[in-house]
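# Inside the fold
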Amino acid sequence: IGMTGGTIRTINMGQQKDGHIIVLGQGIAGLTAAVVLGEAGYPVQVLGRRYPAAGGLQLSPNGFKALAVLGLDEAVLNKAVRLNSVVIKSLSANRHLTEIIHKPDQTHAAIARQDVLDLLTDRAERLPQVSFTDTDLHALHFSQGKARIVSKDGQLFAGDEVIGADGANGLARAAIAGQNQSQTKAVYRAMRAEVEADKLPAVLRRPSTLLLLGDGCHLVSYPIAGGARNNLVFCASSDQLTPGWAQAVFSPNPVLACLAEPSIRWIDTPLYPAQTLPVWRREQVTLIGDAAHVMPPHLAQGAGQTFVDCACLKAELSKQPLSDALSQMAAIRSKEVQMITQKAAASGRVMRLGGLASRARNMFIDMAGPGFMNAWLKEVWDADG
């Protein structure tokens, strides 16, 4: 078994600090945490597999405020598409229900997930104190005041601190929660696809988020890649996603019939119940991102809340030592994110309504108008929170 550890060396961004940190996960949360810690002067080793990422993500004013703290806002906006509004329609008839117009001084944008990963990877790899090991993780335990991670190929990694950014079913969340999180059941599923914009009808090519509410299901569409492609996410229960589901859902609607084309590759993704752990830190392990808060995509807050986690950590690192900063970030964010998690769960329940309840929902949204929806979303999107 080989032992991997950090080394002390002089770096351009100031004196390197003591404390070898291991980050679990090479996704958005892991890479952002590595950048924050590396720029603060700590030796960081990032473990996990690096996979290409399909699809896109949306960011709201709170996410962009966090990105500004992290120094990433301009880089993200250079790759993103600014969104003007959220348009809500009925899925079956394509009938307009309401439209939430974004204020000009508030930034809402959509970006390809791979573009975000590329930006973060480039920034992390420029930091000499950040290293990467591409490996599958097997076990996490504590021994002699250190956290120890064993990879599936038999390597042993020891760290003074571990940042668990390996997702809802990762080693870190299981270590904190004290249970096997891999048994978490998906209550809903997302079928995701990227489609060239010139193959879509005009209603799907607007620089807006389009939400189409159906009977026990919904479809979200927004532009990515400079408007060259659209990210499409269709959410429904497993029993609705039988073979031929796209033909059954989209063909009756002439505007959406193109989405039933067999050439479109839909990727099946489980959606786990919204949940925020009450405790994010135990022993030398601290959770961040999806490992700390399982955030369904119903309010477009998954990535945004991860950036807020990391911005909070950066602020705390500027005021106090590493261990105290991690503890304070965990205490602050575990409370702050509760409201957003609850609203994401509630929004998901409303979107999943079927039968008469789904028609009543659409009638209410139509009659209530954008004022109600703005009030519902304001404290979620608000950058001053």
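In short, a report on the structure. (Residues numbered from 1 in each chain as written. Predicted model: local features only at pLDDT ≥ 70, side-chain atom pairs only at ≥ 80, totals over all residues. Heavy atoms only, no water.)

## Some remarks on the overall build of the protein
Regarding its fold elements, the protein presents nine helices and 22 strands. For 385 residues, the compact-globule estimate of 2.2 N^0.38 gives 21 Å, and the protein sits close to it at 21 Å. When the backbone C-alpha atoms are referred to their principal axes, the protein occupies close to 65 × 45 × 35 Å. Of all 385 residues assigned to the protein, the portion counted as buried reaches 53%. Across the protein, the fraction of contacts at a sequence separation of at least 24, relative to all contacts at a separation of at least 6, is 71%. Carbon and sulfur atoms make up 53% of the accessible area of the protein, which totals about 16700 Å². (Helix = DSSP H or I, 4+ residues; strand = E, 2+ residues; numbered from the N terminus. Rg over C-alpha atoms; globule rule 2.2 N^0.38 Å. Buried < 20%, exposed > 50% of the residue type's maximum accessible area, 1.4 Å probe, protein only. Contact = heavy atoms within 4.5 Å. Areas by Shrake-Rupley, 256 points an atom, 1.4 Å probe, with all protein chains shown as cover.)

## Quick notes on the packing of helix α2 (residues 61-70) against helix α7 (residues 302-317)
For the pair α2 and α7, the least separation of the axes is 8 Å and the interaxial angle reads 40 degrees. By crossing handedness, the relation of α2 to α7 is classed as left-handed. Between α2, through Asn62, Gly63, Ala66, Leu67, Val69 and Leu70, and α7, the contact on the second element is made entirely by Gly304, Gln305, Phe307, Val308, Cys310, Ala311 and Lys314. Of the residues contributing to the contact of α2 with α7, the split by class is eight nonpolar, four polar and one charged. (Axes fitted to C-alpha atoms, helices over the stretch in contact; angles between N-to-C directions. Left-handed = near helix turned anticlockwise from the far one by under 90°. Nonpolar A, V, L, I, M, F, W, Y, C, P; charged D, E, K, R; others polar.)

## Concerning the packing of aromatic side chains
Applying the stated criterion across every chain, the model contains six aromatic pairs. Seen in terms of ring centroids, Trp245 and Phe250 are 5.9 Å apart; in terms of plane orientation they differ by 65 degrees. Their pairing is edge-to-face. Neither residue differs from the other here; Trp245 and Phe250 are each classed as buried. Each ring, one from Trp245 and one from Trp266, has its centre 5.2 Å from the other, and the planes form 70 degrees; the classification is edge-to-face. Taken together, the positions of Trp245 in helix α6 (residues 245-250) and Trp266 in the loop between α6 and β18 (267-271) put the pair 21 residues apart, joining distant regions of the chain. Trp266 carries the same exposure label as Trp245, and that label is buried. (Phe/Tyr/Trp six-rings, centres within 6.5 Å; stacked < 30°, edge-to-face > 60°.)

## Overview of the pairing of strand β16 (residues 217-224)
Within β16, eight of the eight residues are buried, which leaves the element mostly enclosed by the surrounding structure. Burial of the side chains of β16 extends over both faces: Cys217, Leu219, Ser221 and Pro223 are buried on one face and His218, Val220, Tyr222 and Ile224 on the other. Two strands pair when backbone bridges link them, and strand β15 (residues 209-213) and β16 are joined in this way by four bridges, in the antiparallel orientation. When the bridges of β16 are listed, Leu212 appears paired with Leu219. Pairing analysis gives eight bridges linking β16 to strand β17 (residues 229-236), with the strands arranged antiparallel. (Pairing = 2+ DSSP bridges.)

## Re empty space enclosed by the protein
Gaps left between atoms show up when a probe the size of a water molecule is rolled over them. A full pass over the atoms with the stated rule returns three cavities of 30 Å³ or more. When its volume is computed, the largest cavity comes out at roughly 70 Å³. Contributing elements (two or more residues each) for the lining of the largest cavity: β6 (85-90) and β15. Its residues assigned to classes, the lining of the largest cavity comprises four nonpolar, four polar and two charged. (1 Å grid on protein atoms, 1.4 Å probe; cavity = no way out; pocket = protein on both sides within 12 Å on 5 of 7 lines; lining within 4 Å. Points joined across faces, edges and corners; volume = space filled by probe spheres on them.)

## Things to note about the state of the cysteines
Applying the stated rule across the entire model yields zero disulfides. Free of any disulfide, Cys258 has its nearest cysteine sulfur in Cys217, 16 Å distant. The class of Cys258 is partly exposed, set by a relative accessible area of 23%. The closest cysteine sulfur to the non-disulfide-bonded Cys312 is located on Cys310, 9.8 Å from its own sulfur. (Disulfide = S-S within 2.5 Å.)

## Structural notes on the nonpolar core
Within the largest apolar cluster, 88 residues are counted, with the highest numbers of intra-cluster contacts made by Leu37, Ile149 and Phe307. For this core, the leading source of residues is helix α8 (residues 322-351), giving nine residues. Once you skip the residues sitting within four places of it in the chain, Phe307 turns out to touch Ile28, Thr32, Leu59, Gly63, Ala66, Leu67, Leu70 and Val116. Among the nonpolar cores identified, the runner-up in size contains 23 residues, and Ala193, Leu232, Phe250 and Trp266 belong to it. (Core = buried A, V, L, I, M, F, W, Y, C linked by side-chain atoms within 4.5 Å.)

## Focus: the environment of Gly369
When you line up the elements, Gly369 lands in helix α9 (residues 355-381). You can call Gly369 buried: its relative accessible area is 10%. Spatially, the C-alpha atom of Gly369 lies 10 Å from that of Ile88, the residues being 281 residues apart in sequence.

## Quick notes on helix α4 (residues 113-125)
In this model, α4 (13 residues) spans 18 Å end to end at C-alpha, consistent with the 18 Å of a helix rising 1.5 Å per residue. Those residues of α4 that fall on the buried side of the exposure criterion are Asp115, Val116, Leu117, Leu120, Thr121, Arg123 and Ala124. (Expected span 1.5 Å × (residues − 1).)

## Describing the sheet that holds β15
One open sheet holds the seven strands; their spatial order is β7-β6-β15-β16-β17-β14-β18, and the pairing between them is mixed. Each end of this open sheet is capped by a strand with a single partner; those strands are β7 (96-101) and β18. If you compare each strand with its neighbour and ignore which way they point, the axes differ by 20 degrees on average. On the sheet, α9 packs against β6, β7 and β15 and is oriented at approximately 20 degrees with respect to β7.

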